[in-house]
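Topology and contacts: notes
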Amino acid sequence: MLDMTWAGAGARLGAEVGTANVFVRGPFHTLDAAQRGRLAESCRALVGERGTLLNSVAQEMSPA
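To keep things clear, this report deals only with the structure shown in the data block. These numbers were taken from a predicted model, which means no experiment stands behind them.

**Focus on the overall build of the protein**
Counting its secondary structure elements, the protein contains two helices and two strands. Starting at the N terminus and walking to the C terminus, you meet the elements of the protein as α-β-α-β. For the protein, long-range pairs separated by at least 24 residues make up 77% of all intrachain contacts whose partners lie at least 6 apart in sequence. Accessible surface computed for the protein: about 5100 Å², of which carbon and sulfur atoms make up 55%.

The following block contains the structure:
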């Protein structure tokens, strides 16, 4: 497991796997501004010029 909020995490993983599609599923509201910035940088490093970033946001639905 790799914490993508660690500085340089995306670049390290990208060096191993190359350009990648990234699926992010997480509670962004729990991250502070610095962590969100590092996560964005990690994603950018992995996506490169050819990958795709997919962001999933789960929402609780109220009964109708």
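Structure shown, so let's carry the discussion forward.
**A look at the packing of helix α1 (residues 9-17) against helix α2 (residues 33-47)**
Two elements in contact, α1 and α2, have axes separated by 7 Å at closest approach and are oriented at 20°. Between α1 and α2, the angle falls in the class roughly parallel. Crossing hand, α1 versus α2: right-handed. Together, A9, G10, A11, L13, G14 and V17 of α1 and S42, A45 and L46 of α2 make up the contact between the two elements. In terms of residue class, the contact of α1 with α2 is built from six nonpolar, three polar and no charged.

Calculation notes
- Residues numbered from 1 in each chain as written.
- Predicted model: local features only at pLDDT ≥ 70, side-chain atom pairs only at ≥ 80, totals over all residues.
- Heavy atoms only, no water.
- Helix = DSSP H or I, 4+ residues; strand = E, 2+ residues; numbered from the N terminus.
- Contact = heavy atoms within 4.5 Å.
- Areas by Shrake-Rupley, 256 points an atom, 1.4 Å probe, with all protein chains shown as cover.
- Axes fitted to C-alpha atoms, helices over the stretch in contact; angles between N-to-C directions.
- Parallel < 35°, antiparallel > 145°, perpendicular 65-115°, else oblique.
- Left-handed = near helix turned anticlockwise from the far one by under 90°.
- Nonpolar A, V, L, I, M, F, W, Y, C, P; charged D, E, K, R; others polar.

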